[in-house]
Amino acid sequence: MKKRTFFAVLILFLIFLNSMILIASLVILNSKLSAVRERCLAEHYVIASSLIGDMQALEQRGIPAAESMDRLMRTYTHYLQGREDGLAVAFSGEWIYRSALPREVPNPPPDTGHGQERLVCLEDGTPPVLLVYGSFPAPWQDWAPVHGEPG
């Protein structure tokens, strides 16, 4: 009887211990994913805001932004240098600029039907990639910057 009670208590203890470790791991994982998501959104906001300002300045000088995209994105690519992050810009659904995105990504942005300004996707793979798709307000709505970061 003592052996059976001991093994029952041991099994209950191990189940309780493992479930507590699993719960703590899930809480930490959600916290870290949330922090990475917020950082990626903040970087995307900064890059997209300054990019649209640069594009407007070029258009006011009579220089088409699409032709100067490599020159414009050089600064932002330099900002992300040393990290595995990548940037891409699409115009009318086609890539016109791509830096070293962690993986091939579908043509931007995926249509969710919500009409939102920014969309965050976590794509499975090795390693998983956090992608932030964005869109500019009118009259620049055909432009879509994408920021990708390994998760």
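Every chain is numbered on its own, with residues counted from 1 as its sequence reads. Given that this is a predicted model, residues contribute local features only at a pLDDT of at least 70 and side-chain atom pairs are listed and counted only at 80 or more, while totals for whole chains, interfaces and linings are drawn from all residues. The side-chain figures draw on all heavy atoms in the structure; neither hydrogens nor water molecules are used.

Asks: I tried to follow the overall build of the protein chain on my own but got confused; where do I start?
Replies: In this text, helices come from DSSP runs of H or I with a minimum length of four residues, and strands from runs of E with a minimum of two, each type numbered from the N-terminal end. A tally of helices and strands in the protein chain yields two helices and five strands. Secondary structure elements of the protein chain occur, N-terminal to C-terminal, as α-α-β-β-β-β-β. Think of it in three bands: residues with accessible area under 20% of the maximum for their type are buried, residues over 50% are exposed, and the middle band is partly exposed, with areas taken using a 1.4 Å probe on protein chains only. By residue count, 31% of the 151 residues in the protein chain fall in the buried class. Contacts are assigned to residue pairs with any non-hydrogen atoms lying within 4.5 Å of each other. Expressed as a percentage of contacts within the protein chain between residues at least 6 apart in sequence, the contacts between residues at least 24 apart total 48%. Areas reported here follow the Shrake-Rupley algorithm with a probe of radius 1.4 Å; residue values treat only the protein chains shown as occluding. Surface exposure of the protein chain reaches about 9,900 Å², of which carbon and sulfur atoms provide 60%.

Asks: Please explain the pattern of salt bridges as it appears in this structure.
Replies: Between side chains of opposite charge, a pair can form as their charged atoms come close. Whenever a carboxyl oxygen of Asp or Glu lies within 4 Å of a side-chain nitrogen of Lys or Arg, that contact is scored as a salt bridge. Applying the stated rule across the entire model yields one salt bridge. Residue R37 pairs with E38 through a salt bridge whose shortest N-O separation is 3.5 Å. What makes E38 partly exposed here is its relative accessible area of 44%.

Asks: I would appreciate a short explanation of the pairing of strand β1 (residues 86-91) in the present structure.
Replies: Regular strands place side chains that alternate from one sheet face to the opposite one. Most of β1 sits inside the fold, with five of its six residues counted as buried. The pairing of β1 with strand β2 (residues 94-98) spans four bridges and is antiparallel. Along β2, the bridge assignment pairs A90 with W95. Hairpin connection, β1 to β2: the antiparallel pair is bridged by two residues, and S92 has positive phi, about 55°. Pairing between strands is defined by DSSP: at least two bridges between them are needed.

Asks: So what exactly am I meant to see when it comes to the confidence of the model for the protein chain here?
Replies: Any region with low pLDDT has predicted coordinates that should not be read closely. pLDDT expresses, on a scale from 0 to 100, how confident the predictor is about each individual residue. Across the protein chain, the average pLDDT comes to 79, with 79% of residues at or above 70. Averaged pLDDT values over the elements of the protein chain bottom out at 64 in strand β3 (residues 118-123) and peak at 91 in helix α1 (residues 2-60).

Asks: Would you take a moment to explain α1 for this structure?
Replies: For α1, built from 59 residues, the straight-helix expectation of 87 Å at 1.5 Å per residue is met to within 8% by its first-to-last C-alpha distance of 86 Å. Taken residue by residue, α1 has C40, L41, E43, H44, I47, A48, L51, I52, M55 and L58 as its buried positions. In the stretch just after α1, G62 is the one whose phi turns positive, near 85°. Under the convention used throughout, the expected extent of a helix is 1.5 Å for every residue step, that is, one less than its residue count.

Asks: I'm lost on the packing of aromatic side chains in this one. Help?
Replies: Pairs of aromatic rings are described using the distance from one ring centre to the other and the angle between the two planes. Centres within 6.5 Å are what make two rings of Phe, Tyr or Trp a pair, Trp counting through its six-membered ring; a difference in plane orientation under 30 degrees is then read as stacked, over 60 as edge-to-face, and the rest as tilted. Here the structure, examined in full by the defined rule, presents two aromatic pairs. Plain terms: the ring middles of F6 and F7 are 5.6 Å apart, the flat faces sit at 65° to each other, and that makes the pair edge-to-face. According to the relative accessible area criterion, F7 is partly exposed, its value standing at 45%. The interplanar angle of 45° and the centroid separation of 4.7 Å between the aromatic rings of F91 and W143 together place this pair among those described as tilted. You can see F91 sitting in strand β1 and its partner W143 sitting in strand β5 (residues 143-150), a full 52 residues away along the chain.

Asks: I'm lost on the packing of α1 against helix α2 (residues 69-79) in this one. Help?
Replies: Two measures define how a pair of helices packs: the angle their axes make with one another and the distance between the axes. Interaxial angle, 0 to 180 degrees, is taken between N-to-C directions of lines fitted to C-alpha atoms, where a helix line uses only the stretch in contact. The N-to-C vectors of α1 and α2 enclose an angle of 155°; their axes lie 11 Å apart at closest approach. What the angle tells us is that α1 and α2 run roughly antiparallel. In this structure, α1 crosses over α2, and the sense of that crossing is right-handed. Facing α1, whose interface residues are E43, I47, S50, L51, D54, M55 and L58, α2 presents M69, L72, M73, Y76 and Y79. Polar here means any residue outside two lists: the nonpolar Ala, Val, Leu, Ile, Met, Phe, Trp, Tyr, Cys and Pro, and the charged Asp, Glu, Lys and Arg; Gly therefore counts as polar. Class assignment for the residues of the contact of α1 with α2 results in nine nonpolar, one polar and two charged. Oblique is the label for every angle not falling under 35 degrees (roughly parallel), over 145 degrees (roughly antiparallel), or within 65 to 115 degrees (roughly perpendicular). Crossing handedness is defined as follows: a turn of the near helix away from the far one that is anticlockwise and smaller than a right angle gives a left-handed crossing, while the clockwise case is right-handed.

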